[in-house]
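# Descriptive analysis of the structure
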Amino acid sequence: MKAPNPWLNYLQNSGVRYSHSIHPPAETALETAAAERVPAHEIAKCVVYFCETGFGMTVVPADEFVDIVELARVLGVNYIRLATETEIAELFPDCELGAMPPFGNIYNMPVVVDRDVADRRFMAFPIGTHRDVVRLAFEDYERLVRPLVAGVVMAGVAYA
């Protein structure tokens, strides 16, 4: 049986075990965590950037900020900025704005995952809509995406 969300089909076709939940619409990663009734640190969010080599994504806990200077250092680039909402909408036309799953591999984008996310046995994230969340083993995610793992969150700065 085909899953109603094409991203769930992708996970099924990739042989990944996952759980899927649906909650009332939540626009931000922090709202998603609240809707899922989990600490914000347990929800991963995608932050899309643009640098001299093109677009990419980094995956960090929902309650953290990306350290853009550290991300540039990790990537070995001199120029980096966050993608605009217009660019994100164009890059991910099959997703609601801000609800793209962390599958940069599908979009030919490099992915950097923060160590806080990689150090957890499981990860949870929005998967294409502001209502759908999946949880899966980080090991399975790593096998699918082959991300670079590095510390890219701002030290000592988080959402209150």
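Look up: the structure comes first, before these words.
For every chain, the first residue of the written sequence is number 1, and numbering continues from 1 onward in sequence order. Two thresholds apply to this predicted model, a pLDDT of at least 70 for residue-level local features and 80 or more for giving and counting side-chain atom pairs, whereas whole-chain, interface and lining totals are computed over all residues. As a rule here, side-chain values come from all non-hydrogen atoms in the structure, and water together with hydrogens is ignored.

## Some remarks on the overall build of the protein
- Only DSSP runs of H or I covering at least 4 residues are called helices, and only runs of E covering at least 2 are called strands; the numbering of each starts at the N terminus. Across its full length, the protein carries six helices and ten strands.
- In summary, the protein has a C-alpha radius of gyration of 15 Å against a globular reference of 15 Å for 160 residues, a match within 12%.
- Seen through its principal axes, the protein has C-alpha atoms that stretch 45 × 35 × 30 Å.
- A simple rule labels every residue: compare its accessible area, found with a 1.4 Å probe on the protein chains alone, to the largest value its type can have, and call it buried under 20%, exposed over 50%, or partly exposed in between. The buried share of the protein, taken over its 160 residues, is 50%.
- Any two residues whose heavy atoms approach within 4.5 Å are treated as being in contact. By sequence separation, contacts in the protein at least 24 residues apart represent 66% of the contacts at least 6 residues apart.
- If you average the places of the 13 positive and of the 21 negative side-chain charges in the protein, the two averages end up 7 Å apart. For this measure, only C-alpha atoms enter the radius of gyration; the expected value for a globule follows 2.2 Å times N^0.38, where N is the number of residues. Counting rule applied: Lys, Arg positive; Asp, Glu negative; His and chain ends not counted. To locate a charge, take NZ of a lysine, CZ of an arginine, CG of an aspartate or CD of a glutamate.

## Here we look at the layout of surface pockets
- Put simply, the grid is 1 Å and covers the protein atoms alone, a cavity is a trapped set of points that fit a 1.4 Å probe, a pocket is an open set with protein on both sides within 12 Å along at least five of seven lines, and lining residues have an atom within 4 Å of a point. Grid points are joined across faces, edges and corners, and a volume is the space filled by probe spheres set on the points. In this structure, the largest pocket occupies an estimated 710 Å³ of space.
- Lining the largest pocket are 31 residues, and of these K45, C46, V47, G98 and M100 lie nearest its centre.
- If you list the elements that add at least two residues to the lining of the largest pocket, you get α2 (29-36), β2 (44-51), β4 (64-66), α4 (85-91) and β7 (122-126).
- By residue number, the principal contributor to the lining of the largest pocket is β2, which donates five residues.
- In terms of residue class, the lining of the largest pocket is built from 21 nonpolar, six polar and four charged. Polar here means any residue outside two lists: the nonpolar Ala, Val, Leu, Ile, Met, Phe, Trp, Tyr, Cys and Pro, and the charged Asp, Glu, Lys and Arg; Gly therefore counts as polar.

## A few points about the sheet that holds β7
- Taking strand neighbours across the sheet as the criterion, the three strands line up as β1-β8-β7 in an open arrangement whose pairing is antiparallel. Two strands close off the open sheet at either side, each with one partner strand: β1 (18-22) and β7. Neighbour-to-neighbour, the strand axes of this sheet turn through a mean angle of 20 degrees, independent of strand direction.
- As defined by bridge partners, β7 adjoins strand β8 (residues 132-137) across five bridges and the pair is classed as antiparallel. Residue F122 lies in a different strand from β8, and its bridge partner there is A137.
- For helices, the axis comes from a line fit to the C-alpha atoms of the stretch in contact; other axes are also lines fit to C-alpha atoms, and the angle between any two N-to-C directions lies between 0 and 180 degrees. Running over the sheet, helix α6 (residues 138-145) touches β7 and β8 and is turned about 95 degrees from β8. Strands are labelled as partners when DSSP assigns at least two bridges between them.

## Considerations on the side chain of D114
- Positionally, D114 belongs in strand β6 (residues 111-114).
- A side-chain nitrogen of Lys or Arg and a carboxyl oxygen of Asp or Glu constitute a salt bridge if their distance falls within 4 Å. Comment: no salt bridge for buried D114; closest opposite-charge side chain is R115, at 6.4 Å.
- Any pair of nitrogen or oxygen atoms within 3.5 Å is treated as a polar contact; in protein, a donor-acceptor pairing is required on top of that, and neighbouring residues in sequence qualify only through side-chain atoms on both sides. A distance of 2.7 Å separates the side chain of D114 from the backbone nitrogen of V152, its partner in a polar contact.
- Residues in contact with D114, not counting those within four places in the same chain, are V59, V60, P61, A150, G151, V152 and V153.

## Section: the packing of aromatic side chains
- Each aromatic pair joins two rings of Phe, Tyr and Trp (for Trp, the six-membered one) with centres within 6.5 Å, and gets the label stacked for planes under 30 degrees apart, edge-to-face for over 60, and tilted for any other angle. Scanning the model with the defined rule gives ten aromatic pairs in all.
- Pairing W7 with Y10 gives two aromatic rings, centres 6.1 Å apart and planes at 85 degrees, and the pair type is edge-to-face. With W7 and Y10 both in helix α1 (residues 6-13) and three residues apart, the pair spans about one turn of that helix. In this structure, W7 and Y10 share a single accessibility class: buried.
- Pairing W7 with F103 gives two aromatic rings, centres 5.7 Å apart and planes at 25 degrees, and the pair type is stacked.

## Examining the pairing of β6
- Side chains V111 and V113 project from β6 onto one buried face, and the interleaved V112 and D114 project onto a second face that is buried too.
- The pairing of strand β3 (residues 54-61) with β6 spans three bridges and is parallel. Paired with T58 across the bridge in β6 is V112.
- Inspection of the sheet shows β6 paired to strand β9 (residues 148-150) by three bridges, in the parallel sense. Within β9, the position partnered with D114 by the bridge is A150.

This is a description of form; function is not addressed.
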